[in-house]
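What follows is each chain in one-letter form.
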Amino acid sequence: MLRVADLVEQEVGRAAQEALARGDELVRSRAVQLVRFSPSLVIAEVDDGAACVELRAVDGVLRWHCTCPEGRNGGFCAHCVATARSARSRASGKEVSTGVARITS
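Reference entry: report on the structure contained in this document. (Residues numbered from 1 in each chain as written. Predicted model: local features only at pLDDT ≥ 70, side-chain atom pairs only at ≥ 80, totals over all residues. Heavy atoms only, no water.)

1. What about unusual backbone geometry?
Right, so step 1: The phi angle at Arg 30 is positive, at roughly 55°, despite the residue not being glycine.
Right, so step 2: As for its position among the elements, Arg 30 is in the loop between α2 (17–28) and β1 (32–37).
Right, so step 3: Despite not being glycine, Asp 59 has its phi angle at roughly 50°, a positive value.
Right, so step 4: Summarising the element assignment, Asp 59 is placed in the loop between β3 (51–58) and β4 (61–66).
Right, so step 5: Given a relative accessible area of 77%, Asp 59 falls into the exposed group. (Helix = DSSP H or I, 4+ residues; strand = E, 2+ residues; numbered from the N terminus. Buried < 20%, exposed > 50% of the residue type's maximum accessible area, 1.4 Å probe, protein only.)

2. Details of the pattern of salt bridges
Right, so step 1: Counting across every chain of the model gives six salt bridges.
Right, so step 2: Across the pair Glu 25 and Arg 22 runs a salt bridge whose closest N-O atoms are separated by 2.8 Å. Note that Glu 25 and Arg 22 are positioned in helix α2 at a spacing of three residues, about one turn of the helix.
Right, so step 3: Glu 25 gets classed as partly exposed once you look at its relative accessible area, which sits at 41%.
Right, so step 4: Overall, the relative accessible area of 31% leaves Arg 22 in the partly exposed class.
Right, so step 5: Residue Glu 54 is joined to Arg 56 by a salt bridge in which the shortest nitrogen-to-oxygen separation is 3.0 Å.
Right, so step 6: Assessed through its relative accessible area of 29%, Glu 54 is described here as partly exposed.
Right, so step 7: Among the charged side chains, a salt-bridge network with shared partners connects Arg 22, Glu 25 and Asp 47. (Salt bridge = Lys/Arg side-chain N within 4 Å of Asp/Glu carboxyl O.)

3. Remarks on helix α4 (residues 78–92)
Think of an α-helix as turning once every 3.6 residues; residues three or four places apart then point the same way.
Right, so step 1: Across its 15 residues, α4 extends 21 Å between first and last C-alpha, which sits within 8% of the 21 Å expected from 1.5 Å per residue.
Right, so step 2: Every buried residue of α4 is accounted for by Ala 78, His 79, Cys 80, Val 81, Ala 82, Thr 83, Ala 84, Ser 86, Ala 87 and Ser 89.
Right, so step 3: If you follow the buried residues of α4, they end up packed against α1 (4–14), α2, β1, β2 (41–46), β3 and β4.
Right, so step 4: Positive phi shows up at Gly 93, right after α4, with a value of about 80°. (Expected span 1.5 Å × (residues − 1). Contact = heavy atoms within 4.5 Å.)

Take a look at the structure:
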């Protein structure tokens, strides 16, 4: 059974450049909250609830929905990109990089 985390990179690779850039910005700013995370279903609130994203693995195919205008029209929007990258990071056990160095004493 293919998981959401296994399927997201193909769609991310097809996303528009603007969606990739904004999605990466959302990840760096920690604007993605994974509300539900399982191998076949990821639900996230993005940008303080401005958008809700659902990524679902169905018969080896990634299905998605976002509540933003682009997502409602079927586009793999910036919110989907950010959710996909966050889900992939969580599945691999890696923390999402924010580009900010931590200072320790």
